[in-house]
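# Structural description and commentary
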Amino acid sequence: MEELLEILEEIKPGVDFENETGLVDKGILDSLAIIRLVNEIADEFDVEIAVTDLVPENFNSAEAIMNLIKKLEDEE
């Protein structure tokens, strides 16, 4: 989780990622930020995020993003 929080902070500084639950719904992460995030996650965690996984519920909180990463790691 620490690595993910560092990536998020680098992409969008100053957000309370540990407690925020509306990253997409509130527009905190826009489409460009999500593309950058997906690339960073792929590099850091060695997982491929499919287009079908690019839904708001997977990116609205750091916890949801981490759950997606864990799910993808388990599938490999």
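Anything mentioned here points back to the structure above.
Now for a look at the structure at hand. Along each chain, numbering runs from 1 in the same order as the chain's sequence is written. With pLDDT at 70 or above as the cut-off, local features in this predicted model cover only qualifying residues; side-chain atom pairs require 80 or more to be listed or tallied, and sums for whole chains, interfaces and linings still use all residues. Neither water nor hydrogens contribute to the side-chain values; these are computed over all heavy atoms in the structure.

A few words on the environment of Met 66. Secondary structure elements follow DSSP: runs of H or I of four or more residues count as helices, runs of E of two or more count as strands, with numbering from the N terminus. For Met 66, the location among the structural elements is in helix α4 (residues 62-75). Partly exposed residues are those whose accessible area sits between 20% and 50% of the maximum for their type, while under 20% is buried and over 50% is exposed, using a 1.4 Å probe and protein chains only. Looking at Met 66, the relative accessible area reads 9%, which means it is buried. Separated by 65 residues in sequence, Met 66 and Met 1 have C-alpha atoms that sit 6.6 Å apart. Once residues lying within four places of it in the same chain are set aside, the contact partners of Met 66 are Met 1, Leu 4 and Phe 45. In this description, contact between two residues means that some pair of their heavy atoms is separated by no more than 4.5 Å.

Further remarks concern the pattern of salt bridges. Here the idea is simple: oppositely charged side chains can pair when their charged atoms come close. For this document, the term salt bridge refers to a Lys or Arg side-chain nitrogen within 4 Å of an Asp or Glu carboxyl oxygen. Under the counting rule described, the total for this entry stands at three salt bridges. With a closest N to O distance of 3.4 Å, Glu 10 and Arg 36 form a salt bridge. Of this pair, Glu 10 sits in helix α1 (residues 2-11) while Arg 36 sits in helix α2 (residues 31-45), and the two are 26 residues apart along the sequence. Judged by its relative accessible area of 36%, Arg 36 is partly exposed.

Among the secondary structure elements, Asn 60 is positioned in the loop between α3 (56-59) and α4. Given the relative accessible area of 10%, Asn 60 is considered buried. A distance of 2.8 Å separates the side chain of Asn 60 from the backbone nitrogen of Val 24, its partner in a polar contact. Among the polar contacts listed, one links the side chain of Asn 60 to the backbone nitrogen of Asp 25, at a separation of 3.0 Å. Two N or O atoms form a polar contact when they lie within 3.5 Å of each other; inside protein one atom must be a possible hydrogen donor and the other a possible acceptor, and for residues adjacent in sequence the pair counts only when both atoms belong to side chains.

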